[in-house]
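The primary structure of each chain is shown beneath.
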Amino acid sequence: MRKIEHYPVLHREVINFFKSIKKGYIVDATVGGGGHSFLILKNFSEVKIIGIDKDDYAIQIADQRLKQFKGRYTLIKSSFKNIDTILDQLGIYSAEGFLFDLGVSIFHLKTERGFSFQRDEPLDMRMDRSQSLTAYEVVNRYPKNILEKIIFEYGEEKFAKRIVKNIIEERKKNPIRTTKQLADIVYRSYPPPLRRSRIHPATKTFQAIRIEVNDELSEIKQGVSKGIERLKKEGIIQVISFHSLEDRIVKNIFREAKKLKKLEILTKKPITPGEEEIRENPPSRSAKLRVGRRI
Ligand SMILES: C[S@@+](CC[C@H](N)C(=O)[O-])C[C@H]1O[C@@H](n2cnc3c(N)ncnc32)[C@H](O)[C@@H]1O
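Definitions and cut-offs
- Residues numbered from 1 in each chain as written.
- Predicted model: local features only at pLDDT ≥ 70, side-chain atom pairs only at ≥ 80, totals over all residues.
- Near = placed C-beta within 6 Å.
- Helix = DSSP H or I, 4+ residues; strand = E, 2+ residues; numbered from the N terminus.
- Nonpolar A, V, L, I, M, F, W, Y, C, P; charged D, E, K, R; others polar.
- Pairing = 2+ DSSP bridges.
- Right-handed = clockwise from strand over helix to strand, strands pointing away.
- Domains from an automatic or database assignment.
- Contact = placed C-beta atoms within 7 Å.
- Axes fitted to C-alpha atoms, helices over the stretch in contact; angles between N-to-C directions.
- Parallel < 35°, antiparallel > 145°, perpendicular 65-115°, else oblique.
- Left-handed = near helix turned anticlockwise from the far one by under 90°.
- Core = buried A, V, L, I, M, F, W, Y, C linked by C-beta atoms within 7 Å.
- Buried ≥ 20, exposed ≤ 12 C-beta atoms within 10 Å, placed from the backbone.

### Here we look at the site of the ligand
Okay, so step 1: Lining the immediate surroundings of the ligand are 22 residues, of which T30, G32, G33, G35 and D101 lie closest.
Okay, so step 2: The set of elements that each furnish at least two residues to the shell around the ligand consists of α2 (35-43) and β2 (47-53).
Okay, so step 3: Classifying every residue of the shell around the ligand by side-chain character gives 6 nonpolar, 10 polar and 6 charged.

Written out as C-alpha cells, the structure reads:
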C-alpha cells in the first residue's frame, strides 16, 4: 500500500479540548488516515478510540497507522450517520468524546478517485465505493433543473445555469467521463475575465457534485445530532468543517442543543488555524473548529 502522510488539522487545539477526558471512549467519526486518533491514543493513555469511516481504504490506512496501539481501538466501516447503531452494536451507550473532521482526506485527492480536477480521472467522487451513485451519474443523467439546483445551492455557484446549459449540450453529443472534461466545461462557462482568478472556476461545481454524491449535508446533520445525544455528561464534541454550508449546519445544531440545555458551547467563534499551521499545511486554511460540552 502506498504511504500517504496526513497532517491532522488543528491537532493541538483538538488535543487540548479533549484533555479533560481521562479515560473511556472517544469516537473519531471520520478516522481517515488515523492522524487525530494517533495523537489521541498517544496523549491519553487510558482512552480508547472507536474510529469510523465510510471509506474502506481509510480503514486500512488507519489500521496501519494505529497498530502500535492494538487493543485500544476499534475501526468500523460505516457512515457516521449510523453512530447510534454502531455504538449499540458495540454495547456502548455513550462516549466521553466525539470528533468529526469533515470532508475528504488527502488520499481522496491523490489517488485517482475522481475528486480532483488537477489530473484527468474518471468522474467518481464516492467516499464509499460500495454505493452505486457516482459523479458520472449525477453529471450525465440528472435532469437539468436538479443539476442547476445542486450546483447553485451546494456550490454557491452563481453561474450554475450557464454551467448546466453547457453540460447538457456536451452530454447530448458524448458522455462526460472525466474530471478534466467537466473542469473544462465549467471553465468555458465562466465569463473570460473571471476565468483566471486565484481559485479555479471548477472548484465550486466539484464541491457541489461531491456533496450530492456522498449526501454530505444530510449525513452531517444526522451524525452530529446523534453525537450530542450519545455524549456522556461533561463529554466533549468537536467538529471541524471546511466550507460555509457545513459550518452553518454545525452552528445551528449546536445552538439548538444549547437552547435545549444539552450543550454548553465552548467556542463563541469557531477556531481557525494560525499562520504557522497554514504555512505548514495550506489546505487547513479554510478549517473551522466548533466545540461543545454536554450538560
Ligand atoms: C478530513 S478526513 C479525516 C482525516 C483524519 N482526521 C486524520 O487525521 O487522518 C475526512 C474523512 O471522513 C470520511 N467521511 C466523510 N464523510 C463521512 C461520513 N458521512 N461517514 C463516515 N466517514 C466520512 C472521509 O472518507 C475521510 O476519510
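### Here's the deal with the environment of E229
Okay, so step 1: You can see E229 is positioned in helix α11 (residues 216-229).
Okay, so step 2: C-alpha separation for the pair E229 and S244, spaced 15 residues apart in sequence, amounts to 24 Å.

### Some thoughts on the pairing of strand β3 (residues 73-77)
Okay, so step 1: The pairing of β2 with β3 spans 5 bridges and is classified as parallel. Of the residues in β3, the one forming a bridge with D53 is K77.
Okay, so step 2: Note that the unit made of β2, helix α3 (residues 56-66) and β3 has a crossover that is right-handed.

### Examining the domain arrangement of the protein
Okay, so step 1: Parsing the protein into structural domains produces domain 1 (11-107 + 216-294) and domain 2 (113-214).
Okay, so step 2: Counting from both sides, the interface comprises 8 residues of domain 1 and, opposite them, 8 residues of domain 2.
Okay, so step 3: Its residues assigned to classes, the side of domain 1 that touches domain 2 shows 3 nonpolar, 1 polar and 4 charged.

### With respect to the packing of α2 against α3
Helix-helix packing is described using two parameters, namely the angle between the two axes and the distance between the axes.
Okay, so step 1: Close contact between α2 and α3 brings their axes to 9 Å; oriented N to C, the two are set at 30°. Classified by the angle their axes make, α2 and α3 are roughly parallel. The interaxial crossing formed by α2 with α3 has right-handed handedness. Contacts between α2 and α3 involve S37, F38 and L41 from the former and A62, R65 and L66 from the latter.

### Concerning the nonpolar core
Okay, so step 1: Among the nonpolar cores identified, the biggest contains 49 residues, and F18, I26, V27, A29, F98, F100 and I240 are the most heavily contacted of them.
Okay, so step 2: Sequence-distant contacts of A29, defined by excluding residues within four places in its chain, comprise I52, F80, I83, F98, L99, F100, G223 and G227.
Okay, so step 3: Counting residues in each nonpolar core, the second largest holds 28 residues, with Y136, V139, I209 and I211 among its members.

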